[in-house]
Each structure stands twice: as structure tokens, then as C-alpha cells.
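# Descriptive analysis of the structure
The chain contents come next:
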Amino acid sequence: MIDESLVKSNFVGRDGFRWWIGQIPPANAQGGQANGSGWGNRIKVRIMGYHPYNTVELPDEDLPWAQVMIPTTAGSGAANVATDVKLKGGDTVFGFFLDGDNAQIPVIMGCFGRTSQVPSATYKGAFQPFTGYTNKIKKPNGTLKPDQSNEQNAATQKSPRHVSPKQAKSVGKDEVSYFSAIGDTVQVATSKQGTTVNKIATEIGNFLKTIENIADDIKAASAWATSLVKQQIDVIAQKVTAIISGLVGGIVNSTFNLLIPILKQGLKLLYDLVYKLVLAATGNPVAAHLAGVAAQTAMVAPISILQKLIPSLVDSILNTISDFIKDILNSVVDNIQNFVQCAVNQVTGSVLNGVIGKITSAMEGPIAGVANILQFFGGFSIDNLIRSNPEVMAEIGSISGGGEVVQWVIGKGPKEDQGVSFGDIMKAANTAISIANAAGTAVSAVQSIGGAMDIFSSDSSSPGFKSALGSCYVGPPLKCGAPKIKIFGGSGSGAQAKPIFGSFVGSGANQTASIIGATILNAGSGYTFPPFIEIVDECNQGYGAVAYSTITDDGKLKSIYVVSEGENYPPDEPEEVYVTDIEIIDPGEGYSPGDIATDNDGNEYKLDVDNGRIIKVTPLNIKKVTNLPVLTVESETGSGAILKANLGDLTLQREVKQVIDCIT
Amino acid sequence: MAQRPFEQQNWQQRTFQSFGPKFRLDMANPQMGLNGTDVYNLYAVTDSKNVCINGLSEGGVYKIYNDGPIEFVAGQKNSSSGIDIVIVGKNGDVTITAEKNGSVKIRAKKVVIDADENLDLIAGKDLNIKSGGKISLNGNTVNCTGLEGNLVPDAMTFGSQVFEGSFVDADLLTSAFTGGFPAFSVDISF
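The shown structure was predicted, so the numbers you read here are calculated from the model rather than taken from an experiment.

### Quick word on the overall build of chain B
For chain B, the count of helices and strands is two helices and six strands. Seen in sequence order, chain B has helices and strands lined up from the N terminus as β-β-β-β-β-β-α-α. In terms of overall size, chain B is more extended than a compact globule, its C-alpha atoms giving a radius of gyration of 30 Å where 190 residues would be expected to give roughly 16 Å. Looking at the 190 residues of chain B, the share that counts as buried comes to 25%. Within chain B, contacts between residues separated by at least 24 positions form 9% of all contacts whose residues are at least 6 apart in sequence. Just so you have it, chain B exposes about 13,900 Å², and 50% of that area is on carbon and sulfur atoms.

### As for the sheet that holds strand β4 (residues 65-68) of chain A
Residues and elements named next belong to chain A. Here six strands make up an open sheet; going across it, the order is β2-β4-β6-β5-β1-β3 and the pairing mixed. A single partner strand is all that each edge strand has here, and the edge strands are β2 (42-44) and β3 (46-47). When strand β5 (residues 92-97) meets strand β6 (residues 106-111), the two strands line up antiparallel, connected through five bridges. By the bridge assignment for β6, phenylalanine 96 is matched with valine 107.

### Quick word on the pairing of strand β2 (residues 23-27) of chain B
Residue and element names in this part refer to chain B. Burial of β2 is one-sided: the residues Arg24 and Asp26 facing one way are buried, the residues Phe23, Leu25 and Met27 facing the other way are not. Two elements, strand β1 (residues 15-18) and β2, share four bridges in a ladder whose sense is antiparallel. The residue of β2 that forms the bridge with phenylalanine 16 is aspartate 26. Taking the residues that link successive antiparallel strands as the turn, the β1-β2 hairpin has four residues, and the phi of glycine 20 there is positive, at about 110°. For β2 and strand β4 (residues 36-45), the ladder comprises five bridges, and the chain directions are antiparallel. Considered in β4, the bridge of leucine 25 is made with leucine 42.

### Structural notes on the packing of helix α7 (residues 245-282) of chain A against helix α10 (residues 341-369) of chain A
All names here are of chain A. One can describe the packing of α7 onto α10 by two numbers: an axis separation of 11 Å at closest approach and a directional angle of 45°. The orientation of α7 relative to α10 falls into the category oblique. Considering how the two elements wind past one another, α7 and α10 form a crossing that is right-handed. The residues of α10 that touch α7, namely those facing Leu247, Val248, Ile251, Val252, Thr255, Phe256 and Leu259, are Leu352, Val355, Ile359, Met363 and Ile367. Tallied by class, residues from the contact of α7 with α10 come to eleven nonpolar, one polar and no charged.

### Details of the packing of aromatic side chains
All names here are of chain A. Summed over the entire model, instances satisfying the criterion amount to 19 aromatic pairs over all chains. Members of the aromatic cluster, joined through ring pairs, are Phe17, Trp19, Phe94, Phe96 and Phe112. Directly above the aromatic system of phenylalanine 11 lies the positively charged group of arginine 14, at a separation of 5.5 Å from the ring centroid. When the ring centre of tryptophan 65 is taken as reference, the NZ or CZ atom of lysine 44 above it lies at 4.2 Å.

### Considerations on the sheet that holds strand β17 (residues 596-599) of chain A
All names here are of chain A. Strand order in this open sheet of four strands is β19-β18-β17-β20, and the pairing throughout is antiparallel. Of all strands in the sheet, those with a lone pairing partner are β19 (613-619) and β20 (631-634), marking the two edges. Shown here is a sheet whose adjacent strand axes are inclined to one another by a mean of 30°, direction ignored. Pairing of strand β18 (residues 604-610) with β19 involves six bridges; the strand directions are antiparallel. Across the sheet, residue lysine 606 finds its bridge partner in β19, namely threonine 618.

### Remarks on the environment of Val563(A)
With respect to the element layout, Val563(A) can be found in strand β15 (residues 557-567). In this structure the C-alpha to C-alpha distance between Val563(A) and Gly490(A), which are 73 residues apart in sequence, comes to 19 Å. When residues no more than four places from it in sequence are discounted, the contact partners of Val563(A) are Val546(A), Ala547(A), Tyr548(A), Lys644(A), Glu58(B) and Gly59(B).

### Describing helix α6 (residues 223-243) of chain A
Residues and elements named next belong to chain A. Spanning 21 residues, α6 covers 30 Å between terminal C-alpha atoms, matching the ideal 30 Å at 1.5 Å per step. If you check which residues of α6 are buried, you get Ala225, Leu228, Val229, Gln232, Ile233, Ile236, Ala237, Lys239, Val240, Thr241 and Ile243. If you follow the buried residues of α6, they end up packed against α4 (196-213), α5 (215-219), α7 and α9 (300-332).

Here is what the cut-offs are and how they apply
- Residues numbered from 1 in each chain as written.
- Chains lettered and ligands numbered in written order.
- Predicted model: local features only at pLDDT ≥ 70, side-chain atom pairs only at ≥ 80, totals over all residues.
- Heavy atoms only, no water.
- Helix = DSSP H or I, 4+ residues; strand = E, 2+ residues; numbered from the N terminus.
- Rg over C-alpha atoms; globule rule 2.2 N^0.38 Å.
- Buried < 20%, exposed > 50% of the residue type's maximum accessible area, 1.4 Å probe, protein only.
- Contact = heavy atoms within 4.5 Å.
- Areas by Shrake-Rupley, 256 points an atom, 1.4 Å probe, with all protein chains shown as cover.
- Pairing = 2+ DSSP bridges.
- Axes fitted to C-alpha atoms, helices over the stretch in contact; angles between N-to-C directions.
- Parallel < 35°, antiparallel > 145°, perpendicular 65-115°, else oblique.
- Left-handed = near helix turned anticlockwise from the far one by under 90°.
- Nonpolar A, V, L, I, M, F, W, Y, C, P; charged D, E, K, R; others polar.
- Phe/Tyr/Trp six-rings, centres within 6.5 Å; stacked < 30°, edge-to-face > 60°.
- Lys NZ or Arg CZ within 6 Å of the ring centre and 35° of its normal.
- Expected span 1.5 Å × (residues − 1).

Here it is in C-alpha cells:
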């Protein structure tokens, strides 16, 4: 020891510097360091070339403690500045000995990242790769996937996506959705009249989406899935019952308002009839009049009973309609695989038939009490009265347009409130109930009340489905049409556009594409602020395309520019498109004359700069565009400009038809 | 079904810090989402699989998702006359929606709803207004319509409208259709 100290300086580096590579043993060898009672940043390490390759000769617990060096950016702990050491069992670490050749005081300087090739087995023995998960650090149980790699590639520590579970599944088996509510539609509060159908459609659409997410479990008849479906149906039935309460109240009010002129006229006819009969029998006009008055007075009690029915009728209908809605949902849950508009109409039509049926039956007794008045209107029934006066159900129809956003897609943004054809719903409701009535006992209980709707037939999800009602096919889409650009809000109307596709992937029926621009077909009018742009295909296959609009001073749509091209859209035929002009979203500042812009397709653009701001951008060379152009301004002085390309067909402009010399 | 071509996905810009199986910060991940690619995402998950995410996507939507409840508590040390929480929509609507069968509840010593223009109260079923003190309706025109009830003008009740122009005694009609109808029956056959 004395000899040794005589020849050594005991200063790091002066007595030799020994590097080493080692492996961190499992957490259970780390003693208090792994369970919160340790001190310092110390980790046991098995060092190659110094420690044996087996745990018998040198158990993990007997390995030396290594000090861990932390980066200067991590903080030592002074003044509360600290970052914890994140080394785990099985990590391959690199370091040196503080005591040189004595090799008793190892220091860990760094760690080699794991690759996906490193086996993630449980600990078998010294220097064999093993998992960093322990019984205290369990594998992810949420939407993250277990992953023990740290590489520079797209596969390492892959995160979930901000898409719906169905869309994630469609992209690949390894894809998962961040959050199960992504893609759900929310109907927000509005004073707009007539949103009942949209509210019902939103609830049932979201319900079917939930069901879709657990379709495999349902197919496997899992008890968990069955119980979840039942629970969801109960919740949705309750919600739809609440949604239709306004509709029921409206129908009841309107029905009574419709009854007023009928009963009033009936009272007059009753008086006339009694007067005529008594006059004929007695020849006494006074007696005839008194008899007529008595006949009218006799109707006060039954009319009063009708009036007293008004406050309780809505409650009595709503108290019983929930079970019927459950029946509807149970009947369609296995059939509807694609919630198309006709399915919306039919579900709503069924509910409507149920409501009409319940109003009719609830009013049956009181209406019978005024039979003397109604005798003058042959074949009178409440059912006919409601069905022949569609304005009774005005609340059901939806009014689209205007500047108000009433629907929002979680994770995406505003959704166009599609106007619902009240006529289509009523037609479906009336026809279906006629078919059901004609079929008598041949239809199910739910059909006898809700009507013989296509959606109740298991055949409706089979391709080629035909029916007398309207052949409402609700199976998986047979062909996804190209996405549509919906332009709404902005207080204007009439604008139309179609998407321009780029970044094609695959071929034939499996070809998909991104949206790189839009062709404006109609600039519309009356816009006071830029309208919302929604890009959606009927299968909800594509996702991620986000576009904004600009308008002209006179309220027309000027441009639609894409800020995110999205992917996975079913495309139309590719078009040959070019950059036609540039939208200056932000002119930036500090730019100099002579600055130019370029894009990722190799196009160059001339910039006109005024007081450091870009005021005009002119394409210099014109090349075909196949991807979303991303413009970059090359400037040593300026920053902050945001330029977006408008795409279009330049074929005509590119051809020189005639040169006119205007000078000579 | 396909993603964009790989060369068009900007993986060069992505950085992440994964803090274990329960928490992650992922920035500029070029995976496409519903509102474009992610600018950043903070992800956390509980042992019970409840996830919490907040992040910004390239389309501009900032998201806060949580499987469980979210608390916003502020002002514990503020003066009682100040404002503890401010929620502002600078241009568009501010909407609150309780889905499924939830309610939107507001409780305070005093509740003020201040509308520059219209205030619409819409109830699909009952609209209940209850006051321990006075109820004051003040407007240049105040109307009430309905077919039944003690606020409905006598002439507007269902029965009054039906019997308008009939020969039935007015007192009887008033009694029947405004303040309750005495139990009697008139039997007439013809």
C-alpha cells in the first residue's frame, strides 16, 4: 500500500486512464438505490474484462457501485436544479475508473441506446441482454406500445395517432388512436331551430362508432362487449329520449292547435244539426236553439278533459318511448355498418312513428269523448291529422347554412351542419308504417310501431340490397368516392370547390392520395369572413387535410390554401397542376429586395418587398406540382413570412398563342 | 390504405422524450392526425388505463383530452373582488356541451348572463324558473302563448279557442278553461 502510494499520484488521469464497457444488473441487485432509500447516484455495474461472466462467481449484489456522471444540462441538484438518472437494468454503459488500474471506483459516463434488435427477454445471466421492465416498471397498458429501443428511425418509441380508432386500424395493425373519442361529433348549443335530426344522428353515429371499435369482441360474443353494448344502448336511449322531448312537445302543441279549428267547426255543425232536428220535430226555433246550445254545452266537459291532457301528455309519452328507442337500437346495432343519410332518416322516421303512435293512443280516450263533434269529419284520427300536416313536426327538420357552427368533430374541427330533408324523413316514416300495417303480424314488434324500415332487415347490410322503401344499404361502403370540399359559415353561401390530389400512394382500387390544393368552382357571395373548409370522404377513410380560405373585399371566396395535406384519401384521377399564384398569409418583416422564395418542387418565386414586407410573389419558372408546395424564403435579413401556393391548370397560359408588338 | 410516401414525412424534425411507460413528450411527430401532423403531444396514462393528452396539431387545434375528470381551480389567494378564471373566445363562439346524459351546472352567489343582443332559453321539455323572491319580467313587449295554464290569457286557452263563437255560457267557459272545471256531466242524445 505504501509502495503503491509512492508510485501513484492518486489524481485522475495521472495514474493511467482506464475506459470500460459494462452492463447494469437487474433492479433487485441495486438494493436501496432502486427502492428509494439509496443515496447518491450510484448503480451497480458488471464490467466486461474485469468481472466474471457468471453470477455464481460474482453475484450481482456484490458488484461494485459505479458513480454516475450526469450531463451539465441536467443540473446537479443545487438550487433545486436536477434531472434524475434514467438508467435501467440491462443497459450497456460506458465509463472509466476514477482509480485507474486499481479499477475499484467505476464512473458511468454514458449509455448505448438500445435497438429493436436487442432481445427484451427477462434476466438470464451476466452480460446477456434483458428487459428494462420490472415488476415495478410494468409495460405500457394504455395506448402506448411496449418499446425498448432508442434509434433514429420512425419505428422507435412510436406514438399513437390523432385519428379515430377505426382510421388507425385501417392504416396498419401497429397503429393506435391516442384517444377513443377522437372523431366523435359534438352537437353544440344553438338557438337554431330544427336540429333534432342532427342531434339524433350525432348520438347514434357516435354510438355506432363505439360499437365499431369493439366489433371484434362483439363477433366473438364476449360477455364484456355484450354488457358494454347493452349499457351504451341504455345511455343512448335515454339521451335520444331527452333530445326528442322538444319534438314531442312541439307535436303535441301543434296537434292541439290543429284540433282547435276542427273542433270549433264541429261545434258549429253540432249546433246546426241539433237545431235542425229539434226544429223539424217541434217547429219551435227557441226550443231548437236551446237544444243546440245544450248540445254545445255538453261538449265543455270532454273538451276540458282534452285541455287537461296537454300538460301530462308529453311526460306520459316520454316515459314510455325510451324502451321503444332501445328496441330500435337493439334491432339495428347488428345491421348498420355505415351510418349513411338514409339510415339517419329511417332511424328518425322510426322514432317519429313511435311518437305519433303514442300520441294517438294517449289521446284515444279523450278524443272519443268528443266524437259528437268529430262525427262531421269522416275517418278522423289523430294519426292522420299529424301525418297530413307535416308542419306539426317542423322542429325535426334541420336548417343549414349561416355563420354558426353547430357541430364539431373531436380532434378535427368544425363540421358542416348538413340540412336534413324533412320530406325524406316523413316519406320514410309514412311509407314504412304503411308497409308494416299492410304486413300485419308478419313484422316484428318494433316494426309494427316504427314501421318496416330497411334498417331493421339484416339484408340491408348485404351488397345489392333492394326494398320497396328505398333500398337503404347500410353495409360497408362498396366504393369510397373522392373526398368533397365543404364550404360553410362565413355568413355567405354558394361557394364550391373540388380537391386537387397529390402524393399518390399505391395503384388501382387501393390508391390513396393527399390533398394538395383546391380548385374553386364557384366563388359564392355574401361572405363577411372566410368560410370554414371541411374535407371529408364518405367513408371517412382519409384524414388530416386541413385548409383555410380567404375572401375578396366584395364577399367572394378568393382562395383555399392547404396547411396540412393529410393522407389516405380515395382520389380522383390525377390532374396536371401548377402553382398559379401565391397567397401571402403573413408578409413577415425585414425582407430585402432581391430575396427569393423556392419550394420543394424546385419552383422559384420573385418577391416584391415594400418596407421589409413581402407584398407580391410571382412564380418565375413553372413546373408541374405533385406534392404540397412548401415555400421557403431565402433571406439573410427577413423572417416571419408565410406564403401558401394556389394550384391550378396553367395549360392555356403556358401556350403562346400570338405575340402582339405594342411598341412599333 | 396507406400513409404518405415516407420521404414526405419529416422525421428529421421529430424529437421525443419518453419517460417510461406512463409519460411521454413527442414533438414534431410527422404521423398524420385528423388535424394534421402533431406539433407536440404530452401523453400520460394511469395504471387504470386512463389517458391524458394535451398537444397542438399543425392544423392549429390545441387539444386537452382526459379520460377522467379535469380540474381548473384558481384564485385561492386572490382578492374576493377579482376575477379568478377567464375564458375568452376572441372571435368565435364559446360552447360548453355535456354529452350523454350530463347536465351543465353553474352555481354562484349571483349568476349573470349578459347578452349584448338576444338571450335564448330553450328547453326540450320543462323550463322551470323558481325564485325565493320576486320574478320580474320587463320589456317593451311581453307576450305569453300557450294552450293551458294560469299565465295564458283566458281567450287563448285550448277550450276557449274551441268554444269561441259558440252559444255556450261565457261564465261556464271561464270556469271550465281558466280556473278548473266543476265535475258535472250533461247527457244529451239525439
